[in-house]
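# A closer look at the structure
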Amino acid sequence: NVPEDQADKLLLASWGLPKAVLEKYHSLGVVQMFEWQAECLMLGQVLEGKNLVYSAPTSAGKTLVAELLILKRVLETRKKALIILPFVSVAKEKKCYLQ
């Protein structure tokens, strides 16, 4: 569980994302994340580029964790990222979404 003193970490706005990114998520109805998602982002040195392995049921929100990690790393390091997705339809959706 996310400690009470870090409850603000459930809000996307507390992760240092640019306003345009937050507005895009907000327009899709994503303002905050689940506790388990925030826990993933706060584990060890994940935000510094260390590996993270996590598992959750279909449609639980795994993609949001990956997107936030990728966005933060790309924006902070100014390096590119490679996203591998399982289906062409998902790849096309993410391409439009992340542009």
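Residues numbered from 1 in each chain as written. Predicted model: local features only at pLDDT ≥ 70, side-chain atom pairs only at ≥ 80, totals over all residues. Heavy atoms only, no water.

- As recorded in an unreviewed UniProt entry, the protein chain goes by the name DPOLQ polymerase, listed as coming from Aegotheles bennettii.

### Some remarks on the overall build of the protein chain
- Regarding its fold elements, the protein chain presents four helices and zero strands.
- Each helix and strand of the protein chain, placed in order from N terminus to C terminus, yields the pattern α-α-α-α.
- Rg of the C-alpha trace for the protein chain: 13 Å, near the compact-globule value of 13 Å for 99 residues, within the 12% margin.
- Taken along the three principal axes of its C-alpha coordinates, the protein chain extends 40 × 30 × 30 Å.
- Within the protein chain, buried positions represent 25% of all 99 residues.
- When contacts within the protein chain are restricted to residue pairs at least 6 apart in sequence, long-range pairs at least 24 apart make up 55% of them.
- Element-wise, carbon and sulfur atoms account for 56% of the exposed surface of the protein chain, whose accessible area totals about 7,200 Å².
- Charge centroids of the protein chain, computed over 13 positive and 10 negative side chains, lie 14 Å from each other. (Helix = DSSP H or I, 4+ residues; strand = E, 2+ residues; numbered from the N terminus. Rg over C-alpha atoms; globule rule 2.2 N^0.38 Å. Buried < 20%, exposed > 50% of the residue type's maximum accessible area, 1.4 Å probe, protein only. Contact = heavy atoms within 4.5 Å. Areas by Shrake-Rupley, 256 points an atom, 1.4 Å probe, with all protein chains shown as cover. Lys, Arg positive; Asp, Glu negative; His and termini not counted. Charge placed at Lys NZ, Arg CZ, Asp CG, Glu CD.)

### Side note on the nonpolar core
- Counting residues in each nonpolar core, the largest one holds 18 residues, and the members touching the most others are Leu12, Leu17, Tyr25, Met33, Leu41 and Leu68.
- Among the elements of the structure, α1 (19-27), α2 (35-42) and α3 (62-77) are those that each provide at least two residues to this core.
- The leading source of residues in this core is α3, at five residues.
- Excluding anything up to four places from it in sequence, Leu17 contacts Leu12, Leu22, Leu68, Leu71 and Lys72. (Core = buried A, V, L, I, M, F, W, Y, C linked by side-chain atoms within 4.5 Å.)

### Looking at the packing of aromatic side chains
- Tallied over the entire structure, the rule returns one aromatic pair.
- Between Trp36 and Tyr54 the ring centres are 6.2 Å apart and the planes differ by 40°, which places this aromatic pair in the tilted class. Within this pair, whereas Trp36 is found in helix α2, its partner Tyr54 is found in the loop between α2 and α3, the two being separated by 18 residues in sequence.
- Judged by relative accessible area, which is 26%, Tyr54 ranks as partly exposed.
- Above the plane of the ring of Trp15 lies Lys9, whose end atom (NZ or CZ) is 4.8 Å from the centre. (Phe/Tyr/Trp six-rings, centres within 6.5 Å; stacked < 30°, edge-to-face > 60°. Lys NZ or Arg CZ within 6 Å of the ring centre and 35° of its normal.)

### A short note on α3
- In this model α3 runs 23 Å from its N-terminal to its C-terminal C-alpha over 16 residues, within 8% of the 22 Å that 1.5 Å per residue would give.
- Among the residues of α3, Leu64, Val65, Glu67, Leu68, Leu69, Leu71 and Lys72 are the ones counted as buried.
- Residues of α3 that are buried make contact with α1, α2 and α4 (88-98).
- Two residues or fewer past α3, Arg78 is found with a positive phi of approximately 60°. (Expected span 1.5 Å × (residues − 1).)

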